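So you can see what is in the structure, the chains are spelled out below.
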Amino acid sequence: MTDKGIPIKMEESTSLILDLIYQLKIKDVMTRNLVIASPEDSLDHIKTLMKQRNVTGIPIVKKDRLLGILSIDDIFKALDSGYMQELAEKHMSKKLVMLEEDMPLAFAISYFDKFKYGRFPVVDKNNLLVGMITSRDINVGLLMAINKEVARMEELLAQTTPVDAHHIRKMFRIRKYDFEHAGNASNRIKKLLVERKLDPKDIRRVAVAMYELEINIAVHSDGGTLTVIIDQDHAEITAKDSAPGIEHPELALQEGYSTANEWIKSLGFGAGMGLANIRRVSDSFDFQSALGKGTTVRAVIHFKRKEEKSHDH
Amino acid sequence: MTISEMTKLTELTLVQKEFEDGVISGGYTSDLLSDVIANAEANNILITIQAHINTVAVSKLVGIRAIVIANHREVPIDMVEAAQKEKIALFSSTLSQFSLSVLIGKHIHKQ
Amino acid sequence: MKIDQLIKALDCEVVHRRKETGVKDLKHFVVSDLMSDVLLVDGDVDLLITSLATTQAIRTADIVSAIGVIVVNGKAVTADMKVSAKELDVTLLKTKLSSFEVCGTIHHLKGQE
């Protein structure tokens, strides 16, 4: 085992891996075929169960509701101290860290990194146990997805012209009300464009559009993604979020129109300029939203001056 | 400087004319209404881009008798009506908050 | 006007300072508490003057390529702000004066040049 944690970091990973770990849901990789026990089962019974079914941790469940987890460590302790006939409810671990089935796989990865448990129970929206997830499940799920994706890319590669070395494609995850990190993606992309020596005006336009889109997602949605594609002559930014969506899309584009509450306004947002600002800096802008379905905004910015080609290689 | 003297500044457009005249004690520049409530003083002139009816309510609360809306923001009609009711002068300007602060500060200190 | 003159005149606390800021002649100032409003500015921005004491003030300054931010009204600068200021290398100053007073002081300094 390593102390370094899991080396999937937002800043360093390829966009393919990031796409996958956010697209894949926990329910896509978790084990549904559960071995469970009841709180009234004895530790001895659970030991037999573990041996028969070849598992190292068993959720203790009553009426589909998860009460605790009994791990093989608990069994070792019971064997040492001689209380194998006692009941599971007395010795199970009740401090539960649970995951929800609809969370992206990225969440599970960060949980394994953070908590150092061998497994996490997975619950549905109603908090009922629906599965378990282990690092093995993640490995298998991710490998299968990568395999599929690589096969698809190899096929694409055979058909298309060679990939442009100047091409950037990055996806960022934006969380609801996370004002500490919202804007971070814009700052990073800006830095990248400065390094590429693009025209400062173009850089500013891209950064402004991105920043407003990031803030929009954090303020108004339940969270979403920002995808940035940058070529030699243009940038395309797509913001996609989940519900709630916009009730009056035509009003939302008006300057000064805002549905933000006072708290958001006290944070310096919600002046009703966001979408108007994005439209102002973009060469093409489209916007789709429906209540309950979320919002997609796409902004394209054509660079006024073409990127300087580097001659140093 | 009084509010009626302010109406002579060419950089400002008087949008709501029915106001109670008086000497301006100083300026306050802010776009956060909670900040205006906490820090602005009575008889200050408020420089803001918050072209919103709530700005009038906050001004009334603090004792501000003149508001300047910066950056050429459109002033909504309900804001004008509210200001009229409270006898608060309402100006609009194409200048930024920075330029307006400098301009108004200069005139206040002339006295 | 140079940043050191401003720091002195506004009696600023220097939270973070970009190395090369000393030589730059500051000309363009924006006062705002709403970040979208700052992003709306077309021209250059050298310094952002704001009462918004959050990381977003720093991030916005970076987006418009300002060299720094002055937080007014003696507002407390958060730990997150310090981190962002260092990370994005944006000069971060703090003054007890209000935005209005800061503008007046800057104008006064300009008059002396």
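Residues numbered from 1 in each chain as written. Chains lettered and ligands numbered in written order. Predicted model: local features only at pLDDT ≥ 70, side-chain atom pairs only at ≥ 80, totals over all residues. Heavy atoms only, no water.

Colleague: It is not clear to me how the overall build of chain A should be interpreted in this structure. Could you clarify?
Modeller: When helices and strands are tallied, chain A shows 12 helices and 10 strands. Looking at chain A alone, contacts between residues at least 24 apart form 61% of all its contacts between residues at least 6 apart. (Helix = DSSP H or I, 4+ residues; strand = E, 2+ residues; numbered from the N terminus. Contact = heavy atoms within 4.5 Å.)

Colleague: Mind showing me how you'd approach the overall build of chain C here?
Modeller: When its secondary structure is counted, chain C shows five helices and five strands. When the helices and strands of chain C are read in sequence order from the N terminus, they spell out α-β-β-α-β-α-β-α-β-α. Here chain C, with 113 residues, has 59% of them falling under the buried criterion. Residue pairs in contact within chain C that sit at least 24 positions apart in sequence constitute 47% of those at least 6 positions apart. Carbon and sulfur atoms form 50% of the exposed surface of chain C, whose accessible area is close to 4500 Å². (Buried < 20%, exposed > 50% of the residue type's maximum accessible area, 1.4 Å probe, protein only. Areas by Shrake-Rupley, 256 points an atom, 1.4 Å probe, with all protein chains shown as cover.)

Colleague: Explain the environment of B:Phe19 here, please?
Modeller: All names here are of chain B. Examined against the element boundaries, Phe 19 turns out to sit in the loop between strand 1 (13–16) and strand 2 (26–29). Expressed as a C-alpha distance, the spacing of Phe 19 and Arg 65, which sit 46 residues apart in the sequence, is 7.6 Å. Residues contacting Phe 19, with those up to four places away along its chain left out, are Ile 3, Ser 4, Thr 7, Leu 14, Lys 87, Ile 88 and Ala 89.

Colleague: Explain the side chain of B:Thr48 to me, please; I cannot follow it from the model alone.
Modeller: All names here are of chain B. Checked against the element boundaries, Thr 48 lands in strand 3 (residues 44–48). Looking at Thr 48, the relative accessible area reads 0%, which means it is buried. For Thr 48, the side chain forms a polar contact with the main-chain oxygen of Ser 30, separated by 2.8 Å. Those residues in contact with Thr 48, other than ones at most four positions away along the chain, are Ser 30, Asp 31, Thr 55, Ile 67, Val 68, Ile 69 and Ala 70. (Polar contact = N/O pair within 3.5 Å; in protein donor to acceptor, adjacent residues only side chain to side chain.)

Colleague: Explain the interface of chain C and chain B here, please?
Modeller: Accessible area lost upon the coming together of the parts is a frequently used measure of interface size. Every contact between the two is made by 19 residues of chain C and, on the other side, 22 residues of chain B. Each partner contributes to the roughly 1500 Å² buried at the junction of chain C and chain B, and carbon and sulfur atoms together form 63% of this total. Across the chain C-chain B interface, the total number found is one salt bridge. With a shortest N-O distance of 3.3 Å, C:Asp37 and B:Arg73 are connected by a salt bridge. The interface formed by chain C and chain B contains eight residue pairs in polar contact (both at pLDDT 80 or more). Among the elements of the structure, strand 2 (29–31) and helix 5 (99–112) of chain C are those that each provide at least two residues to the side of chain C that touches chain B. Examining the composition of the side of chain C that touches chain B, we find that six residues originate from one element, helix 5 of chain C, more than from any other. Grouping the amino acids of the side of chain C that touches chain B by side-chain chemistry returns nine nonpolar, six polar and four charged. (Buried area = accessible area lost by both parts, 1.4 Å probe. Salt bridge = Lys/Arg side-chain N within 4 Å of Asp/Glu carboxyl O. Nonpolar A, V, L, I, M, F, W, Y, C, P; charged D, E, K, R; others polar.)

Colleague: Explain the sheet that holds strand 3 (residues 99–100) of chain A to me, please; I cannot follow it from the model alone.
Modeller: Sheet strands pair via backbone hydrogen bonds, and the direction of the pair is either parallel or antiparallel. Residues and elements named next belong to chain A. Read from one edge of the open sheet, three strands run 3-4-5, paired in mixed fashion. A single partner strand is all that each edge strand has here, and the edge strands are strand 3 and strand 5 (129–134). Here strand 4 (residues 119–123) pairs with strand 5 via five bridges, running antiparallel. Paired with Arg 119 across the two strands is Thr 134, which belongs to strand 5. (Pairing = 2+ DSSP bridges.)

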